[in-house]
Structures are given as C-alpha cells and as structure tokens.
Amino acid sequence: MSELSPLLNDFTTFGVAAKAKSVHALTSTAELHQFLKSPQSEHSLFLGQGSNVLFSSDYPYSVALVRWKGKQVKLLSDSEALLIAAAGEPWHELVMWSLDQGLGGLENLALIPGSLGAAPIQNIGAYGVELKDVFEWCKAVHRTTLAERTFDAEECGFGYRESIFKNELKDQYVLTEVALRLSRNAHRVNTSYSPLQQWFNQASLHAPISPLDVAKAVCSIRRSKLPDPKVLGNAGSFFKNPVISAQKAKELSAHYPETPLYPQANGSFKVAAGWLIDRLNLKGFKLGKAAVHEKQALVLINSGGASGREIVDLSKHIKKRILETYGIELEEEVTIY
Ligand code: EPU
C-alpha cells in the first residue's frame, strides 16, 4: 500500500484541483484489508478512475485508489463464458480485451470511462445495454467487519444508474471482483438504439454485424459527441434523464411536441435531459471556466482550470432554468463531494 501526494487533481476525469487528507493506492485485496484495518479508513472514499465524481472542495478524509487487477475467462458452454475480473481493471480496456477473446456482450458499453468495480455501483449503460444485462455476480468486502459477501444480480437491486450500493448499502462495501456472463460463438448484437441503427444503415455492412463492429460504431458515435476527458475534463452525463409521470409527459409534449420521451415499463416516461437543456440554448454556455459541452448539453466540462465549485454553480443554474421552464427537477448522475 503506497501513500501518494494528497492532491486529487489527476484522480478524477473532471481534473479539478482538490486535496485529500491522504491518498493511498491499493494494488491487491490484501492491501485493501490492510487499509480497512488502518485508522485512515474512517470516512475514506474509494475511487476507481474518478469518472463519475466531482470534488467541490477539499476532501477532509483519506482517499483509497482501487488499483488491484486481474482477469480470467471461465467457459460455461459452447455459447457462454464468464469473464471474472478485479475491480481495478479499467472498463474500456476490459471491453476490448473481451472482444479480442471472442466474447460478446460488452460492445455497446465500449469507451465508457471508469473501472470495473464502479460499473455495478451505478449500473452503467449506453446504446441500449446496461451492465445488469450481463452481470452475474460481484464480490465485496464490508468496510468495518471485513466480511466477504457475494451479491447476485437480484441482490444488487439494479435500476437506471442505480444499485443497492448507492442506496441501502451506500459506503458499506468495497467491490473487489465482478463476473459477467458473455456470449461466445453465437452472438446476438443489439443495434436497436436509434443512433446505432442509423450508423449501420449508413455503413451498409453486408456480412452479419459482429460485436466488434458494434464496439467500433459505439466508439465512433461517442467520439463524435462526447468530449475526451483527457482533453476536456468531464464526467459524461452530469444529470440523469428524469423519469416523469404519463400525465406530465402528456403536458410536456402538448407544449413541445418534439420532446424525446421514452416509455417505461411502469407507464412513466423518461425524458432526454440533454434535449431539455439544449432547447434553452445552453450548449456552450459558460459560467467562469465551467461550460456546457458544445455537442452534448447533458455533459458539463472543465474548459481549463475550472474549480469544482464553478462546475457545481453551473449545474445549479441549469437545474433552476429547467425547473422554471418545464417544472422538472433534474437529479445529478455525478456524485459531488
Ligand atoms: N439531445 C439534444 N441535444 C443535446 C443532447 C441530446 O437534443 O444536446 C437529444 C438527442 O437528439 C436525442 C436525445 O436527446 O434525441 C438523447 O440523446 P443521446 O442519445 O445523446 O443520449 P442521452 O440520453 O443524452 C444517455 C446516457 C449516456 C449514454 C447515451 C447513449 C444518461 C444520463 N445518459 O445520454 O450515458 O452514453 O444515452 O446511450 O442516461 C453517462 O451516463 O455518463 C452517459 C454518457
């Protein structure tokens, strides 16, 4: 377990300046146990790649970086395999590695920044697929008792960018390992998400579409509208797409017939927050050095040297405008400290 400089600037994709009491890189689960037994672990924060976190000020306790690695494939049958990997594996590299092994299932989730251990916590999703669709189990260590527990998909209580680890069990467990059920030989690709469908229509591929083709398409679409965090600090979508009642959806489309609405199984509707923000002409809007991305209004960026506070102020401004205009309350997807 090595102690690093307490500066957090390089440990979140927003790249804002902040300081912790101390920062510890944990490169094995033995080091995790050692850390959890130490006094620094009290109120500490575990960070993967920091792609969904914003520090609005200094963090008064310790930060532990999840850096333990390792991955293996267990064949289950001719058509299925389990990919079992350590929480510190970088997500996109794992996706590309799984495709290289001839495994399918993660292709729609290519290029999502972050680490494997964080993926179940907010049930990452993109282009018609969510982590829960391939999730088999995860192992976790309780932060105070150090007891190990395995959670299956049902126990994780997955929802839209939600799981038990953000709710009832918030800050209680550290995920150590995750198993994903993937396809081999007989793949069933999902190109139902309309921008993906359009991409394949234009590409006019004749051979059957492979998982790797889907990953390439997803990467190309993402690169065309989402800023690379290495170039412009950001954490992907800053807000969740709000879920509204059928009545509210009816009122909204009466006022704004072109509102993108997605019907949910329980009769409610998800509304595209990016569209709501964009309609207020807020793309490119700046408050200090924080800005709304020019190509995707749901993404807030650090245009260079922004403080976490400036980004939070920008998000408050957007929330206020959305509430005043549409009577809808936006909820952050990003966790703010
Ligand atoms: N839209 C606009 N203007 C904008 C942004 C979006 O009009 O500035 C419209 C689009 O034209 C489209 C609709 O809003 O009709 C939805 O946009 P998009 O397909 O870009 O997806 P999103 O709902 O904004 C969600 C996820 C993304 C994920 C994409 C693709 C959330 C909060 N965000 O974004 O996830 O990559 O779908 O599946 O659910 C993330 O969670 O960090 C993230 C990037």
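All figures in this text were calculated on a predicted structure; none of them were measured in a lab.

Definitions and cut-offs
- The numbering scheme is per chain: residues are counted from 1 as the chain's sequence reads.
- Totals for whole chains, interfaces and linings use every residue, but because this is a predicted model, local features are given only for residues with pLDDT of at least 70 and side-chain atom pairs only at 80 or more, for both listing and counting.
- Based on all heavy atoms of the structure, the side-chain values leave hydrogens and waters out of the count.
- Numbering of helices and strands runs from the N terminus, with a helix taken as a DSSP run of H or I at least four residues long and a strand as a DSSP run of E at least two residues long.
- Taken over C-alpha atoms, the radius of gyration is set against a globule rule of 2.2 Å times the number of residues to the power 0.38.
- Type-normalised accessible area, obtained with a 1.4 Å probe on protein chains alone, sets the label of each residue: buried when under 20%, exposed when over 50%, and partly exposed for intermediate values.
- The contact rule is simple, with two residues in contact once any of their heavy atoms fall within 4.5 Å.
- In this tally, Asp and Glu contribute negative charge and Lys and Arg positive charge; neither His nor the terminal groups of the chain are included.
- Charge positions are represented by NZ for Lys, CZ for Arg, CG for Asp and CD for Glu.
- Every axis in this analysis is a line fitted to C-alpha atoms, fitted for helices over the stretch in contact. Angles between the N-to-C directions lie between 0 and 180 degrees.
- The scheme is simple: roughly parallel for angles under 35 degrees, roughly antiparallel for over 145, roughly perpendicular for 65 to 115, oblique for anything else.
- What counts as a salt bridge is simple: a side-chain nitrogen of Lys or Arg found within 4 Å of a carboxyl oxygen of Asp or Glu.
- Think of it this way: one heavy atom of a residue within 4 Å of a molecule or strand is enough to make that residue near it.
- Under the convention used here, a 1.4 Å probe and the Shrake-Rupley method define accessible areas, while residue burial counts only the protein chains that appear.
- By this definition, two strands are paired if DSSP reports at least two bridges between them.
- For cavity detection a 1 Å grid was placed over the protein atoms alone, and a set of points counts as a cavity when a 1.4 Å probe fits there but cannot get out; an open set counts as a pocket when protein lies on both sides within 12 Å along at least five of seven lines, with lining residues being those that have an atom within 4 Å of a point.
- Grid points are joined across faces, edges and corners, and a volume is the space filled by probe spheres set on the points.
- Three classes are used: nonpolar for Ala, Val, Leu, Ile, Met, Phe, Trp, Tyr, Cys and Pro, charged for Asp, Glu, Lys and Arg, and polar for all others, with Gly counted as polar.
- Note that the domain bounds were set by an automatic or database domain assignment.
- Defined in terms of a 1.4 Å probe, buried area is the accessible area two parts forfeit on being brought together, summed over both.
- Between N or O atoms, a polar contact is any pair within 3.5 Å; within protein, one atom must be a potential hydrogen donor and the other a potential acceptor, and residues adjacent in sequence are included only when both atoms are from side chains.
- Think of a nonpolar core as a cluster: buried Ala, Val, Leu, Ile, Met, Phe, Trp, Tyr and Cys residues, connected wherever their side-chain atoms sit within 4.5 Å.

1. Digging into the overall build of the protein chain
- Looking only at helices and strands, the protein chain has eight helices and 21 strands in total.
- Compactness check: the protein chain gives a C-alpha radius of gyration of 20 Å against a globular reference of 20 Å for 337 residues, within 12% of the reference.
- Across its three principal axes, the protein chain shows a C-alpha extent of roughly 60 × 50 × 35 Å.
- Within the protein chain, the fraction of its 337 residues that count as buried is 48%.
- Of the contacts made within the protein chain by residues no fewer than 6 positions apart, 60% connect residues no fewer than 24 positions apart.
- With 36 positive and 35 negative side-chain charges, the protein chain shows a separation of 4 Å between the mean positions of the two kinds.

2. Topic: the packing of helix H4 (residues 194–203) against helix H5 (residues 211–225)
- Here H4 crosses H5 at 110 degrees, and the two axes come no closer than 10 Å. With respect to their mutual orientation, H4 and H5 come out roughly perpendicular. Contacts from Pro-195, Leu-196, Trp-199 and Phe-200 in H4 reach Asp-213, Val-214, Ala-217, Val-218, Ser-220 and Ile-221 in H5.

3. Details of the side chain of Arg-222
- Along the polypeptide, Arg-222 turns up in helix H5.
- Although buried, Arg-222 forms no salt bridge, and the nearest oppositely charged side chain, Glu-333, lies 8.7 Å from it.
- When sequence neighbours within four positions are dropped, the list of residues in contact with Arg-222 reads Ala-110, Leu-111, Ile-112, Pro-113, Ala-126 and Tyr-127.

4. Some details on the site of the ligand
- Not every one of the 24 residues close to the ligand is listed here, only the nearest: Tyr-127, Tyr-160, Tyr-193, Asp-278 and Ala-297.
- Computed on the free molecule, the ligand has an accessible area of 810 Å², of which 82% lies beneath the protein chains in the complex.
- Put simply, the parts of the chain that give the shell around the ligand at least two residues each are strand E9 (125–126), H5, strand E14 (233–237) and helix H7 (273–279).
- A per-element tally of the shell around the ligand places H7 first, with three residues.

5. Here we look at the sheet that holds strand E2 (residues 22–26)
- Reading across from one edge, E1-E2-E5-E3 is the order of the four strands in this open sheet, with mixed pairing throughout. Only two strands of the sheet have a single neighbouring strand rather than two, namely strand E1 (2–4) and strand E3 (45–47). Shown here is a sheet whose adjacent strand axes are inclined to one another by a mean of 30 degrees, direction ignored.
- Most of the contacts of helix H1 (residues 29–37) go to E2, to which it runs at about 150 degrees, and overall it touches E2, E3 and strand E5 (62–66).

6. Re unusual backbone geometry
- Although it is not a glycine, Arg-161 adopts a positive phi angle of roughly 50 degrees.
- Its place among the elements puts Arg-161 in the loop between helix H3 (153–156) and strand E13 (173–184).
- With a phi close to 65 degrees, Asn-185 is a non-glycine residue in the positive phi region.
- Checked against the element boundaries, Asn-185 lands in the loop between E13 and H4.

7. As for the layout of surface pockets
- Roughly 360 Å³ of volume is contained in the second largest pocket.
- Along its surface, the second largest pocket is lined by 15 residues, and Gly-104, Gly-105, Val-134, Ser-183 and Arg-188 are the ones closest to its centre.
- Broken down by element, the lining of the second largest pocket gets its largest block of residues, three residues, from E13.
- Counted by class, the lining of the second largest pocket contains four nonpolar, six polar and five charged residues.

8. Considerations on the domain arrangement of the protein chain
- Split into domains, the protein chain comes out as domain 1 (2–66), domain 2 (71–183) and domain 3 (233–336).
- In this structure, domain 2 and domain 3 have C-alpha centres spaced 27 Å apart.
- Each partner contributes residues to the interface: domain 2 has five residues there, and domain 3 has five residues.
- Of the roughly 490 Å² buried between domain 2 and domain 3, counting both surfaces, carbon and sulfur atoms make up 39%.
- Inspection of the domain 2/domain 3 interface yields two salt bridges.
- Joining domain 2 to domain 3, the criterion identifies three residue pairs in polar contact (both at pLDDT 80 or more).
- Its residues assigned to classes, the side of domain 2 that touches domain 3 comprises one nonpolar, one polar and three charged.

9. So, the nonpolar core
- Formed by 46 residues in total, the largest nonpolar core has its most connected members in Leu-8, Phe-55, Val-63, Ile-277, Ile-311, Ile-318 and Ile-322.
- Contributions of two or more residues to this core are made by E2, E3, strand E4 (53–54), E5, helix H6 (246–255), H7, strand E19 (290–292) and helix H8 (308–326).
- If you tally residues by element for this core, the top one is H8, at six residues.
- Three or more residues apiece are contributed to this core by two domains, here domain 1 (2–66) and domain 3 (233–336).
- Contact partners of Ile-311, with chain neighbours within four places excluded, come to Phe-14, Val-16, Leu-54, Phe-238, Ala-290, Leu-300, Asn-302 and Ala-306.
- Among the nonpolar cores identified, the runner-up in size contains 42 residues, and Leu-109, Cys-138, Leu-169 and Val-218 belong to it.

10. A word on the sheet that holds E19
- Reading across the sheet, the four strands line up as E14-E20-E19-E18 and stay open at both edges, with antiparallel pairing between neighbours. A single partner strand is all that each edge strand has here, and the edge strands are E14 and strand E18 (286–287).
- Note that E14 and strand E20 (residues 299–302) share three bridges and pair antiparallel. Bridging from a neighbouring strand, Ser-237 pairs with Val-299 of E20.
- Where H8 meets the sheet, it contacts E18, E19 and E20, and its direction lies at approximately 35 degrees from that of E19.

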